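# Structural overview for review
The chain contents come next:
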Amino acid sequence: IQFWKRKASEQTTLRELVRMALGGREAPGNIPIEEISASGWVADLLRGLDGRTPFQELSQPKAFHGTLRPYQVRGYSWLSFLRKWGLGACLADDMGLGKTIQTLALIQRDWESGGQRPVLLICPTSIVSNWQKEASRFTPGLPVMVHHGIERVRGEDFKRKAREHAIV
């Protein structure tokens, strides 16, 4: 009780609260947390992250060429849910299950909705051409810029050119 009385005036960050709510961090003093009660948008976020409220499955973007499989729709929708809250993700499905096209669908959706800002895609050089091919196949309307090699633009020229592309 004395511990909590001392801590009563302290605040924590949303990041720490989310980590505690999801079991990724113990509460101060190593006291087990049974539940975190929140209201408003924080409650919405926590319910979505821990699965109490299912996230909305989205239809694929109009300009997406192809058909997402049900599990790809869930992955793409999950990425969109995380993006809404400013959270990142690591897609770690088995090889060949469509992580690339799930990501392309999300970028296409953002591009269509007026969020025409470049997405920086960092990948091994061995799969740069794969990303280019997949983008031209599934999202041919998205401008793609490969920023690699000795001839790549730099400085202000890079910034200007990157702004014209959906994927850099």
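See the structure above.
These lines cover the structure that appears in this document, whether it is placed above or below. (Residues numbered from 1 in each chain as written. Predicted model: local features only at pLDDT ≥ 70, side-chain atom pairs only at ≥ 80, totals over all residues. Heavy atoms only, no water.)

## Digging into the environment of T13
Here T13 shows up in the loop between α1 (2–7) and α2 (14–21). Considering only alpha carbons, one finds T13 and S80, 67 residues apart in sequence, at a separation of 23 Å. (Helix = DSSP H or I, 4+ residues; strand = E, 2+ residues; numbered from the N terminus.)

## Side note on the packing of aromatic side chains
Scanning the model with the defined rule gives three aromatic pairs in all. Seen from their ring centres, F64 and F138 are 5.6 Å apart, and the 15° between their planes marks the pair as stacked. Taken together, the positions of F64 in the loop between α3 (40–49) and α4 (70–84) and F138 in helix α6 (residues 128–138) put the pair 74 residues apart, joining distant regions of the chain. The same class applies to F64 as to F138, namely buried. (Phe/Tyr/Trp six-rings, centres within 6.5 Å; stacked < 30°, edge-to-face > 60°. Buried < 20%, exposed > 50% of the residue type's maximum accessible area, 1.4 Å probe, protein only.)

## So, the side chain of Q108
Inspection of the secondary structure puts Q108 in helix α5 (residues 99–112). Contact partners of Q108, with chain neighbours within four places excluded, come to P61, A63, F64, T139 and L142. (Contact = heavy atoms within 4.5 Å.)

## With respect to the pattern of salt bridges
In the structure shown here, the tally under the stated rule is five salt bridges. Note that K159 is salt-bridged to E156, the shortest N-O span being 3.3 Å. With K159 and E156 both in helix α7 (residues 155–162), this residue pair falls three residues apart, about one helical turn. One salt bridge in this structure joins R160 and D157, with 3.9 Å as the shortest N-O distance. Here R160 pairs with D157, and both are found in helix α7, just three residues apart, close to one helical turn. Each of D157, R160 and E164 takes part in salt bridges that share partners, so that together they form one network. (Salt bridge = Lys/Arg side-chain N within 4 Å of Asp/Glu carboxyl O.)

## Some details on the environment of I101
As for its position among the elements, I101 is in helix α5. The exposure class of I101 is buried, given its relative accessible area of 11%. A sequence separation of 33 residues divides I101 from L68, and the C-alpha atoms of the two residues are 8.1 Å apart. Excluding residues within four positions of it along the chain, I101 makes contact with F64, L68, Q72, E134 and F138.

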